[in-house]
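One letter stands for each residue in the lines below.
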Amino acid sequence: MPGPSAPHQDVDHVASALVASLPALHRGLERQVAHGFPHPRLPDGQLALLFLVEEREGITVRETAEALLMKPNNVSALVSQLTDQGLLERRQDAADKRIAHLHPTATARERLAEARTLKEAHLARVLHTLTEGELDALGAALGALASLNQHLHSPAG
């Protein structure tokens, strides 16, 4: 959060620039992965669910719905689709059989790692085209971007 001395127009400008550039960066990376990825592309909802389950292995459907801002029945449908594709496992809770914990399969882990590697390789190639000053500025902004991400995903965000 900017301090009281931060001009309001600067915050508005930064917010506007981030809103414009972050989705464009994401689409550019996704387009590159689509060209180099040898597996069928998953819909965005399924992909978001898989990345979340990989990050928070053992998460429940309810927790997943909350994290992805989706309805639990929609998450259940995605879970069923991914389970049918062999990319996700449901494991019953030992204490409460009504609760299922979600785990990526080995195939899902391999594909997510493959997609991540493609994204990182493409981004590294593009980063090599930047000036030293541009690269330094991006490097200096990484901590602030991580903090922004954390605030956006916090309950108060």
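Look above for the structure.
The sections below set out a description of the structure shown in this document.

Analysis parameters
Residues numbered from 1 in each chain as written. Predicted model: local features only at pLDDT ≥ 70, side-chain atom pairs only at ≥ 80, totals over all residues. Heavy atoms only, no water. Core = buried A, V, L, I, M, F, W, Y, C linked by side-chain atoms within 4.5 Å. Buried < 20%, exposed > 50% of the residue type's maximum accessible area, 1.4 Å probe, protein only. Helix = DSSP H or I, 4+ residues; strand = E, 2+ residues; numbered from the N terminus. Contact = heavy atoms within 4.5 Å. Pairing = 2+ DSSP bridges.

1. Some thoughts on the nonpolar core
Okay, step 1: Leu 49, Leu 50, Val 79, Leu 82, Leu 88 and Leu 102 are the most contacted members of the largest nonpolar core, which has 18 residues in total.
Okay, step 2: Going through the elements one at a time, α2 (44–55), α3 (61–68), α4 (72–84) and α5 (106–127) are the ones with two or more residues in this core.
Okay, step 3: Here this core takes five residues from α2, the largest share from any one element.
Okay, step 4: Excluding residues within four positions of it along the chain, Leu 102 makes contact with Val 53, Glu 57, Gly 58, Ile 59, Thr 60, Val 61, Thr 64, Val 79, Leu 88, Glu 89 and Arg 90.

2. Overview of the pairing of strand β2 (residues 100–104)
Okay, step 1: Extensive coverage of β2 is indicated by the burial of four of its five residues.
Okay, step 2: Summarising the sheet, strand β1 (residues 88–92) and β2 pair through five bridges and their orientation is antiparallel. Looking across to β2, one finds that Gln 92 is bridged to Ala 100.

3. Some details on unusual backbone geometry
Only a minority of non-glycine residues have a phi that is not negative, and only a minority of peptide bonds are not trans.
Okay, step 1: Backbone geometry at Leu 69 places phi at a positive 55°, although glycine is not the residue there.
Okay, step 2: Relative to the helices and strands, Leu 69 is located in the loop between α3 and α4.
Okay, step 3: Looking at Leu 69, the relative accessible area reads 79%, which means it is exposed.

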